[in-house]
Number of protein chains: 2
Amino acid sequence: MGNLIYIVGIGPGEECFLSGQAKKALENSDVIIGYTVYAELVKPVFPCKEYLTTGMTKEIERCRLCYEEAAKGKTVALVCSGDAGVYGMASPMYELLPEYENTELEVVPGITAANSGAAVLGAPLNHDYCVISLSDLLTPWETIEKRIKAAIAGDFAIAIYNPSSHKRKDYLMRACDIMLESGASPDRACGYVENIGREGQNATVCTLSELREAQVNMFTTVFVGNSMSFIQDNKLVTKRGY
Amino acid sequence: MGNLIYIVGIGPGEECFLSGQAKKALENSDVIIGYTVYAELVKPVFPCKEYLTTGMTKEIERCRLCYEEAAKGKTVALVCSGDAGVYGMASPMYELLPEYENTELEVVPGITAANSGAAVLGAPLNHDYCVISLSDLLTPWETIEKRIKAAIAGDFAIAIYNPSSHKRKDYLMRACDIMLESGASPDRACGYVENIGREGQNATVCTLSELREAQVNMFTTVFVGNSMSFIQDNKLVTKRGY
């Protein structure tokens, strides 16, 4: 067995979402590496560890930093928000692995925003569902558009990540328009959650036509029900069957 | 505030997957209700609680039992494998809520098999993905077929739940045939994990044409990569971008 790097999903926010497996991995590590904000979230739980942090868009540098620290003989934990395998660092870490000798990766799963946000809204993903990111930084918009159309054609419930950013203010509106053009009813039951598991957590249920006008940001996760979903007492519910 | 029922996702198996939030909910409960197998999984952690269990197909009875116990003034935890909001009890609990007065539900998210299985396999869901169940107990096969076709049309990575049972031995083969007919390459990178997070955990990577012949059971979660996924050193990896 060589040097060990854990790739740890820490869940949506506060310590309470950490799994026992994630806690053990962090406890077992010599150095905890991550985007500054995520490292700050685990620091109160493990105040005595060494921390190394990098900025938001420095993903590949962060991965290489993990391998460099592991090469010094340290056990490393790379912390990611939510689940490390959902739009996270698990995949780039595997892509870089062949460049480094004698290193082993272990992915520790976490609760991703689709599931933690769903719990806040009620039960929006209680049947087949899709997870789609609207970020076109690494994916052509045509691919995103194709996936939104397919999700409606398949009548999936949908969890949408990265619905907006400074440069992409109208992306959720564009996505809603594609869903409406693909045959989703303007009355389709929807919802969104801001700041899941953090201070300022706020959930809203609405129709698809209202979602089109919603003000969302990069800390919002959006949910679109399937054709059978409904709103009941401010909760968004998708039935287990038909 | 009325009687409280937690609907708790306990993750894929052993205690180590419980989140801090799930532990607090169980600690705070007077009675823990669930399918026998899931109740047994948490009993070692909370040996002094009252436990009430029901058989596998008794989902609605189990839900009503929760409401009846809550009506006695007890705080109740309904435990579900994985995440309670993914093919779980969150949705039937909300559907029954209007029949009971003065009761409040709180869903506690857990790590669902899509994400815990993905961690074992590497990073198969590291881009947009779908979660599809092949069980036709509550869903017409035509709907399942439509969703498989849509998932391939949208080039999603796919996590497949309930790929087989005693009565549905050939369902994974049928699903693979639909994927192949929908244009997925026979060489598409795939994998599957048995007994995630439990004794006997076993991961296999393979091509889609090999998956078609795979022996799976009701404790297997299956993963189909998107068109860009690849196998590297026995791990299934889906890139973060294109």
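Reading the values: rules and limits
- Residues numbered from 1 in each chain as written.
- Chains lettered and ligands numbered in written order.
- Predicted model: local features only at pLDDT ≥ 70, side-chain atom pairs only at ≥ 80, totals over all residues.
- Heavy atoms only, no water.
- Contact = heavy atoms within 4.5 Å.
- Buried area = accessible area lost by both parts, 1.4 Å probe.
- Salt bridge = Lys/Arg side-chain N within 4 Å of Asp/Glu carboxyl O.
- Helix = DSSP H or I, 4+ residues; strand = E, 2+ residues; numbered from the N terminus.
- Pairing = 2+ DSSP bridges.
- Axes fitted to C-alpha atoms, helices over the stretch in contact; angles between N-to-C directions.
- Phe/Tyr/Trp six-rings, centres within 6.5 Å; stacked < 30°, edge-to-face > 60°.
- Buried < 20%, exposed > 50% of the residue type's maximum accessible area, 1.4 Å probe, protein only.
- Lys NZ or Arg CZ within 6 Å of the ring centre and 35° of its normal.
- Polar contact = N/O pair within 3.5 Å; in protein donor to acceptor, adjacent residues only side chain to side chain.
- 1 Å grid on protein atoms, 1.4 Å probe; cavity = no way out; pocket = protein on both sides within 12 Å on 5 of 7 lines; lining within 4 Å.
- Points joined across faces, edges and corners; volume = space filled by probe spheres on them.
- Core = buried A, V, L, I, M, F, W, Y, C linked by side-chain atoms within 4.5 Å.

Colleague: An account of the interface of chain A and chain B is requested, with residue identities and associated values reported.
Modeller: The accessible area lost on association of the parts is a frequent measure of interface size. At the interface, 61 residues of chain A touch 61 residues of chain B. Taking both sides of the interface into account, the surface hidden between chain A and chain B amounts to around 5200 Å²; carbon and sulfur atoms contribute 55%. Where chain A touches chain B, the interface holds 6 salt bridges. With its nearest N and O atoms 2.9 Å apart, the salt bridge here joins Lys239 of chain B to Glu95 of chain A. Among the elements of the structure, α1 (20-27), α4 (90-96), α5 (113-121), β6 (122-123), β7 (129-133), α6 (141-153), β12 (230-232) and β13 (235-237) of chain A are those that each provide at least two residues to the side of chain A that touches chain B.

Colleague: Would you mind going over the sheet that holds strand β2 (residues 31-35) of chain B in detail, with residue names and values included?
Modeller: All names here are of chain B. Across the sheet, 5 strands lie side by side as β3-β2-β4-β1-β5; this open sheet has parallel pairing. Strands with a single pairing partner mark the edges of an open sheet, and in this sheet they are β3 (50-54) and β5 (103-108). Taking each pair of neighbouring strands and ignoring which way they run, the sheet shows an average axis angle of 20 degrees. Inspection of the sheet shows strand β1 (residues 3-9) paired to strand β4 (residues 76-80) by 5 bridges, in the parallel sense. Paired with Tyr6 across the strands is Ala77, a residue of β4.

Colleague: Which residues make up the packing of aromatic side chains, and what values do they have?
Modeller: All names here are of chain B. All chains considered together, the criterion is met by 8 aromatic pairs over all chains. The interplanar angle of 85 degrees and the centroid separation of 5.1 Å between the aromatic rings of Tyr35 and Tyr38 together place this pair among those described as edge-to-face. A relative accessible area of 21% means that Tyr38 is categorised as partly exposed. Their ring planes at 55 degrees and their centres at 5.2 Å tell us that Tyr87 and Tyr161 sit as a pair that is tilted. You can see Tyr87 sitting in the loop between β4 and α4 (90-96) and its partner Tyr161 sitting in strand β8 (residues 157-161), a full 74 residues away along the chain. Take Tyr87 and Tyr161: they sit in the same class, and that class is buried. The positively charged end of Lys43 is found above the aromatic ring belonging to Tyr51, 5.1 Å away from the centroid. Sitting over the face of the ring of Tyr171, Arg174 holds its NZ or CZ atom 4.7 Å from the ring centroid.

Colleague: Describe the pattern of salt bridges, and please don't skip the residues or the numbers.
Modeller: Residues and elements named next belong to chain A. Inspection of every chain in the model, using the stated rule, returns 26 salt bridges over all chains. In this structure, the salt-bridge partner of Glu50 is Lys74, at a minimum N-O distance of 3.1 Å. Pair noted here: Glu50 is in strand β3 (residues 50-54) and Lys74 is in the loop between α3 (59-71) and β4 (76-80), with a separation of 24 residues, a long-range link. On the accessibility criterion, Glu50 (34% relative accessible area) is partly exposed.

Colleague: Please give an account of the environment of Arg62 of chain A that cites residues and values.
Modeller: The residue Arg62 of chain A is located in helix α3 in this model. On the basis of relative accessibility, which here comes to 5%, the residue Arg62 of chain A falls in the buried class.

Colleague: Describe unusual backbone geometry, with residues and values.
Modeller: Residues and elements named next belong to chain A. A positive phi angle, close to 60 degrees, is found at Asn102, a residue other than glycine. Its place among the elements puts Asn102 in the loop between α4 and β5 (103-108). Assessed through its relative accessible area of 57%, Asn102 is described here as exposed.

Colleague: Give a detailed account of the environment of Tyr6 of chain A, specifying residues and quantitative values.
Modeller: Residue and element names in this part refer to chain A. Looking at the element boundaries, Tyr6 is found in strand β1 (residues 3-9). In sequence terms Tyr6 and Glu106 are 100 residues apart; their C-alpha atoms lie 4.8 Å from each other. Setting aside anything within four residues of it in sequence, one finds Tyr6 in contact with Ala25, Asn28, Ser29, Thr75, Val76, Ala77, Leu78, Glu106 and Val108. At a separation of 2.7 Å, a polar atom in the side chain of Tyr6 contacts the side chain of Asn28.

Colleague: Outline empty space enclosed by the protein, listing residues and values.
Modeller: Residue and element names in this part refer to chain A. Considering all chains together, one arrives at 1 cavity of 30 Å³ or more under this definition. In this structure, the largest cavity spans a volume of roughly 30 Å³. As for the largest cavity, its lining consists of Ile10, Gly13, Glu14, Glu15, Leu18, Leu41, Val42 and Val45.

Colleague: Describe the nonpolar core, naming the residues involved and giving the relevant values.
Modeller: Of all hydrophobic cores here, the largest spans 56 residues; its most connected members are Met179 and Leu211 of chain A together with Met179 and Leu211 of chain B. For Leu211 of chain B, the contacting residues outside a window of four places in its chain are Leu172, Cys176, Cys190, Tyr192, Cys206, Val222 and Val224 of chain B. Judged by nonpolar contacts, the second largest core, of 38 residues, contains Val86 and Phe223 of chain A together with Ala114 and Val205 of chain B.

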